[in-house]
Amino acid sequence: MEKSEAKELEEKLFNTKSSGWETVTSEEKNTIFKFSDEYIWFLNRAKTEREFVEGAVKILAENNFKDIATVDSIKAGDKVYFNNRGKSLYIAVIGNKKLEEGLNLVGAHIDSPRLDLKPNPLYEDTEFAYFNTHYYGGIKKYQWTAIPLAIHGVIVKPNGEKITVKIGEDEEDPIFTITDLLPHLAKEQLQRKLDEGINGEDLNLLIGNMPYEGEGVKDRVKLNVLKLLNEKYGIVEADFLSSELELVPAFNAKSLGFDKSMVAGYGHDDKICAYTSLRAILEAQNIEKTAICILSDKEEVGSMGNTGMESQTFDYFISELLNKSGENRPNLLNKVFCNSSMLSADVGVTYDPIYGAVSDRTNCAYSAYGISFDKYTGSRGKAGGSDANAEFIAKLRGILEKNDIKYQISELGRVDVGGGGTIAYILANKGVEVIDCGVPVLSMHSPYEVASKYDIYSAYRTYKAFYEEA
Ligand code: MN
Ligand code: MN
């Protein structure tokens, strides 16, 4: 049957969106699934920012990237990185063009919402030993009770010795948990607002119940735990004062669904964009403008501190590139930033039909419709948001459409429902053209977030095309 004139006009004029799965070949599907398997493998070994940096540096070394501190000069084609205190990482592939012509940056963050141990975490109550915690980032507290938790992090002794802790991941390891109240006795708790169901001060990790044999000591369960820790790690209670121990879900990321079309895992926000941008800078070809991959820390608590994106440490890295390329002169850094472009790579929100009321159906991101761009962030009248310039979006559309990459442009949610932000504004304030984009997820900030494998691969392709063509 011939198409009607109206149908032809519709095809020409409408911006019709559809699931990427509708058009993939079986070969493309295999490529997409293989990429997600590699992501799952990495994510299961990088649940914290420190572990992500460690894993990334290993991959970088295997791919001939060098620590910027160890090289005296750099030229086109060189690959370097800056390891910022083992918690954030800046990676560069030097392009054929001069640095002053601008950089192509992709910036993600590698910290995720979690529970941190307090500085004095260990105590005993009624023959139970506990670690006291203080949550990190925007969590729904009730989601962190009654699930298996693992302890990851470092303990540093006054002599500088650093002890790495990772317990709860191996099959033979014990796990830990935070208890919740049985429904039979929770009448009062269940009347509370969801936000108040679990108090932050009650997020105490259960870690032991067996007393050390002997007399004259008050807290013998605590003593027994400390004795075991002393045997395993050589630490005493005071060593917690100089530690960073994080509680993360003890379960692993896995394929989700009978069709295995999705990935469920802890820490997609934002290791999903961090991993895809890392892969993109490893695999990008023919780099003209210098490519930079930022893996930042502390985004979930406001990007502060010397490992967060607000830190001057990043500017120092770019200055080092200018110094070691022999290109530097007074105030050149400002010009470099003003000539640069950036994809602020952070997760977006997938439209969830169960909670559809928070979304505007024509301005939300759909699962498997491709990488999602947010022209602007912020809340209540775009306040506090970073808003990308139309000219920059047009340029990106050109790159995406030329490379046949499926993408969508969306908003976080309905007007006045809420909002959020990323690291975008920090680079925008320096003069960089920036837009937010990333993989949309379900259950964001929960212990088990969900993303589409199609969208993961779409993000990787976007970051790679951006490095090669922006
Ligand atoms: Mn994020
Ligand atoms: Mn987040």
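Attention in this report is confined to the structure presented alongside it. (Residues numbered from 1 in each chain as written. Chains lettered and ligands numbered in written order. Predicted model: local features only at pLDDT ≥ 70, side-chain atom pairs only at ≥ 80, totals over all residues. Heavy atoms only, no water.)

**Brief notes about the packing of aromatic side chains**
Move 1: Scanning the model with the defined rule gives 24 aromatic pairs in all.
Move 2: With centroids separated by 5.1 Å and ring planes inclined at 75°, the aromatic side chains of tyrosine 90 and phenylalanine 314 adopt a geometry described as edge-to-face. With tyrosine 90 in strand E3 (residues 88-93) and phenylalanine 314 in helix H7 (residues 313-324), this residue pair connects regions lying 224 residues apart in the sequence. The pair formed by tyrosine 90 and phenylalanine 314 is uniform in burial state, with each residue classed as buried.
Move 3: In this structure an aromatic cluster arises from ring pairing among Phe35, Tyr39, Phe42, Phe52, Tyr275, Tyr457 and Tyr460.
Move 4: One Lys or Arg, lysine 29, reaches over the ring of phenylalanine 33 and ends 5.1 Å from the middle of that ring. (Phe/Tyr/Trp six-rings, centres within 6.5 Å; stacked < 30°, edge-to-face > 60°. Helix = DSSP H or I, 4+ residues; strand = E, 2+ residues; numbered from the N terminus. Buried < 20%, exposed > 50% of the residue type's maximum accessible area, 1.4 Å probe, protein only. Lys NZ or Arg CZ within 6 Å of the ring centre and 35° of its normal.)

**Re the coordination of the manganese ion (ligand 2)**
Move 1: On the protein side, the manganese ion (ligand 2) has Asp269 (OD), Glu300 (OE), Glu300 (OE) and His445 (NE2) as donor atoms, found 2.1 to 2.6 Å from it.
Move 2: Site description for the manganese ion (ligand 2): donor spacing in sequence, D-x30-E-x144-H.
Move 3: Distance-wise, the manganese ion (ligand 1) is placed 3.3 Å from the manganese ion (ligand 2), both being coordinated by aspartate 269. On the criterion of sequence distance, the pair formed by aspartate 269 in helix H6 (residues 268-283) and histidine 445 in the loop between strand E21 (440-442) and strand E22 (449-452) is long-range, its members being 176 residues apart. Histidine 445 carries the same exposure label as aspartate 269, and that label is buried. (Donors = N, O, S within 2.8 Å, 3.2 Å for Na, K, Ca; no water.)

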